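Observations on chain architecture
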Amino acid sequence: MPRIPGLYTTRPIGGRAAYGARLRRPAAAGVALLVAVGAAGWVIPRVVEADVSLAVGSEVTLIGHGNGHGRGMGQWGAFGYAKQGWTSTQILSHYYGGTTAGKVDNVDVSVILTGESSVNVFADAGMKVGDVAVAPGQAVSLSGSTATISDGCGGGVLQSVELPRPLVSPITPGPGRPDPELLKMCGSNQTFRGSLGFDGGRVINVVPLDDYVKGVVPKESIVTWADEGGAEALKAQAVAARTYALASMDISKPIDDTQNSQVYGGYDAEDPRSNAAVDATAGVILLKDGKAAFTEFSSSTGGATDGRDFPAVIDDGDAISPHHEWTASVSSSSIAAQFGVGSLTGFEVIEAYGVGAENGRAATVRISGTGGSVDVPAQEVRTRLQLKSSYFSVQGQPNPPAIIAPPSGVGAATAAPGAITVPGIPAVPGTPEGSGAEELINSLLALAEAAIGMKFTELGGSAGLLGSAIGPVITTVTGAGAAQQFQNGTVFFSPETGAHALAGAALLDYILKGGETVLGFPLEDLIAPTSAP
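What counts and what doesn't
- Residues numbered from 1 in each chain as written.
- Predicted model: local features only at pLDDT ≥ 70, side-chain atom pairs only at ≥ 80, totals over all residues.
- Heavy atoms only, no water.
- Pairing = 2+ DSSP bridges.
- Helix = DSSP H or I, 4+ residues; strand = E, 2+ residues; numbered from the N terminus.
- Contact = heavy atoms within 4.5 Å.
- Axes fitted to C-alpha atoms, helices over the stretch in contact; angles between N-to-C directions.
- Salt bridge = Lys/Arg side-chain N within 4 Å of Asp/Glu carboxyl O.
- Buried < 20%, exposed > 50% of the residue type's maximum accessible area, 1.4 Å probe, protein only.
- Phe/Tyr/Trp six-rings, centres within 6.5 Å; stacked < 30°, edge-to-face > 60°.
- Lys NZ or Arg CZ within 6 Å of the ring centre and 35° of its normal.
- pLDDT = per-residue confidence, 0-100.
- Polar contact = N/O pair within 3.5 Å; in protein donor to acceptor, adjacent residues only side chain to side chain.
- Parallel < 35°, antiparallel > 145°, perpendicular 65-115°, else oblique.
- Left-handed = near helix turned anticlockwise from the far one by under 90°.
- Disulfide = S-S within 2.5 Å.

**Section: the sheet that holds strand 4 (residues 108-112)**
- Read across the sheet, 7 strands follow the order 7-6-11-14-15-4-16 without closing on themselves; strand pairing throughout is mixed. Either end of the sheet is taken by a strand with one partner, and the two such strands are strand 7 (132-134) and strand 16 (255-256).
- The pairing of strand 11 (residues 167-170) with strand 14 (residues 195-199) spans 2 bridges and is antiparallel. For Leu167, the partnering residue across the bridge sits in strand 14 and is Gly197.
- The strands touched by helix 3 (residues 209-220) are strand 4, strand 15 (202-208) and strand 16; relative to strand 15, the strand with the most contacts, the crossing angle is about 115°.

What follows is the structure in structure tokens.
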């Protein structure tokens, strides 16, 4: 009979495989996991050989990916996708699953300027304090509720004005004012759009939303990306920054000019390329449950997002990032001191999210010592040990971590009819956006990806019995489970039966007898070679 893709194995067990023979675990199996990605497609992670025992001695070596918390959009990934031809809409949809686009008015944002302690300003075209016009060449300093108008910076006092709100404003209110109307700090000439004043003893810049975003994008992204095919990444950044500001305001989270909010540099930070991105997306935000989504972003995801407010996804665009892969060696004494476990005897990732290479992002780390052991969230480990990210594995860890679903599940790829097939299972069309079944399907796929990934590992990874994946995990025709096709067979999963592999004559027999719709899901691993043609 002709060779059917996925039905022939070049590695029968024991040299002679009979129909119904139960698969056994190879003696030397790598640690790998195949997981779903979003709109970008699927990847096969690197196999990490577990032939080195973890010896906690002078230091622990971590194999890491990415830079930052990994939540929401990866900025380097956005750049990578933009260079591949993705639009800003595609980029945002990939990272911020479950959101819809909306549009808002150019409301004012109040930004705390952490580097300023006083307000002493001038504007080439003049200013206003309350209802009082300040002529060109004059300056204004604020103290409490009093505005002192002087003859230039440091000049003689001309007038004092009591203000209900200590704020100095441009001569003409509104967004997008020309350069002569912008306020400048005496001495430094640092320039800001909008108004400057005090709130609770802190210097603030009250600025229209889109003008604020113009001071954020060039500080949070790299404007030269626009010259390298990455203009759409800057547009995506503008939408994310605008949305994040509104979401912060909705929950009364103070906005300052640091990483505690978003880095903001005022007018001096602006660049024509990033301004163009802000103007092109003016007023556009992302909505979740009818409100501005909390669109966090980070420098580099390392290839997979963390999944908190949005489903975790593979980030193939991040391959362009200089932080995509890294290693770090941390002394045992430093680890032990940080976590108070006495002399260190063990450091291992015990839970991971399974999305991405090397079992995905670490979720929980067990740190053991002569004084006891503690289980610590990986993000906390990242912070305490000053690691680039929480996406790391431990070199030489003998046992892979348990795979758990990310907090908001996995962003699953959807297929157009005929686009993705598994032997015996028709292609499944994409779930309609907003349908009640979407969340259930995503949960099922997250479980299936973890279970199928473990089966893949058990059978030797891409060098083992199954070979490499040639398709993603997709739901079966009844929706009761999922399956994934590999070079040498198919793995089927349902919550009731778990994951089991069929290959060779066993898979052919399963298909010919009606597959899942007639026989249900396999209850054991079965493999046998097909006959030669």
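**Let's talk about the pattern of salt bridges**
- This structure, assessed with the given rule, holds 13 salt bridges.
- One salt bridge in this structure joins Arg273 and Asp271, with 2.8 Å as the shortest N-O distance.
- Here Asp271 falls in the buried class, since its relative accessible area comes to 14%.
- The network of salt bridges with common partners includes Asp227, Asp271 and Arg273.

**Overview of the packing of aromatic side chains**
- Within this structure, the stated rule accounts for 10 aromatic pairs.
- Through a chain of ring-to-ring contacts, three or more aromatic side chains come together here, namely Trp76, Phe79 and Trp225.
- The lysine or arginine in question, Lys288, covers the ring of Phe310, its NZ or CZ lying 5.1 Å from the ring centre.

**Observations concerning the confidence of the model for the protein chain**
- Scored by pLDDT, the protein chain has a mean of 81; 81% of the residues are at 70 or more.
- Taken as a whole, residues 1-55 scores under 50 in pLDDT and shows 161 contacts with residues more than four places along the chain or in a different chain.
- Low pLDDT, under 50, characterises residues 529-533; the predicted model gives this stretch 12 contacts beyond four residues in sequence or across chains.

**Describing unusual backbone geometry**
- Here Asn189, not a glycine, exhibits a phi torsion of approximately 65°, which is positive.
- Inspection of the secondary structure assignment puts Asn189 in the loop between strand 12 (183-185) and strand 13 (191-192).
- Owing to a relative accessible area of 45%, Asn189 belongs among the partly exposed residues under this scheme.
- We note that Asp289 has phi near 55°; this positive angle belongs to a residue other than glycine.

**Examining the sheet that holds strand 1 (residues 59-64)**
- One open sheet accounts for 3 strands, arranged 20-1-24; its pairing is antiparallel. The open sheet has two edge strands with one neighbour each: strand 20 (326-331) and strand 24 (392-394). Between one strand axis and the next, the sheet turns through 30° on average, direction left out of account.
- Judged from the 3 bridges that link them, strand 1 and strand 24 form a sheet pairing that is antiparallel. When the sheet's bridge partners are listed, Gly64 is paired in strand 24 with Phe392.
- Docked against the sheet, helix 6 (residues 332-339) engages strand 1 and strand 20, running at close to 75° with respect to strand 20.

**Focus: the pairing of strand 17 (residues 284-288)**
- In terms of strand pairing, strand 3 (residues 100-103) meets strand 17 through 4 bridges, oriented antiparallel. Across the sheet, residue Gly102 finds its bridge partner in strand 17, namely Ile285.
- The sheet contact formed by strand 17 and strand 18 (residues 291-292) spans 2 bridges and is antiparallel. Across the sheet, Lys288 pairs through a bridge with Lys291, a residue of strand 18.
- Where strand 17 folds back on strand 18, the antiparallel hairpin that results is connected by 2 residues, among which Asp289 adopts a positive phi of roughly 55°.

**A word on the pairing of strand 9 (residues 146-150)**
- The pairing of strand 8 (residues 139-143) with strand 9 spans 5 bridges and is antiparallel. Across the sheet, the residue bridging to Ala139 is Ser150, located in strand 9.
- Once strand 8 ends, the chain turns through 2 residues before running back antiparallel as strand 9, passing Gly144 with a positive phi of about 60°.
- Hairpin connection from strand 9 to strand 10 (residues 157-162): 6 residues lie between these consecutive antiparallel strands, with Gly152 at a positive phi of about 80°.

**A look at the side chain of Gln262**
- Structurally, Gln262 is set in the loop between strand 16 and helix 5 (272-280).
- A relative accessible area of 1% means that Gln262 is categorised as buried.
- Looking at Gln262, its side chain comes within polar contact range of the main-chain oxygen of Ala241, at 3.2 Å.
- In this structure Gln262 touches Tyr212, Val216, Glu220, Ala240, Ala241, Tyr244, Ala245, Asp256, Asp257 and Phe297, once residues within four positions along its chain are discounted.

**Some remarks on the packing of helix 3 against helix 4 (residues 231-250)**
- Close contact between helix 3 and helix 4 brings their axes to 9 Å; oriented N to C, the two are set at 125°. Taken together, the axes of helix 3 and helix 4 lie oblique to each other. Taken as a pair, helix 3 and helix 4 cross one another with a handedness that is right-handed. Contacts between helix 3 and helix 4 involve Leu209, Asp210, Tyr212, Val213, Val216, Val217 and Glu220 on the former and, on the latter, Leu234, Gln237, Ala238, Ala241, Arg242, Ala245 and Leu246.

**Concerning the state of the cysteines**
- For the coordinates displayed, the defined rule picks out 1 disulfide.
- Between Cys153 and Cys186 runs a disulfide, and the two sulfur atoms are separated by 1.9 Å. Because the sign of the S-S torsion sets the handedness, a value of about -70° for the bond joining Cys153 and Cys186 places this disulfide among the left-handed ones. Here Cys153 is found in the loop between strand 9 and strand 10, whereas its partner Cys186 is found in the loop between strand 12 and strand 13, with 33 residues between them in sequence.

**Regarding the packing of helix 1 (residues 75-83) against helix 2 (residues 88-95)**
- Across the interface, helix 1 lies against helix 2 with an axial gap of 10 Å and an inter-helix angle of 135°. The orientation of helix 1 relative to helix 2 falls into the category oblique. Crossing handedness for the pair helix 1 and helix 2: right-handed. Facing helix 1, whose interface residues are Gly77, Ala78, Tyr81 and Ala82, helix 2 presents Ile91, His94 and Tyr95.

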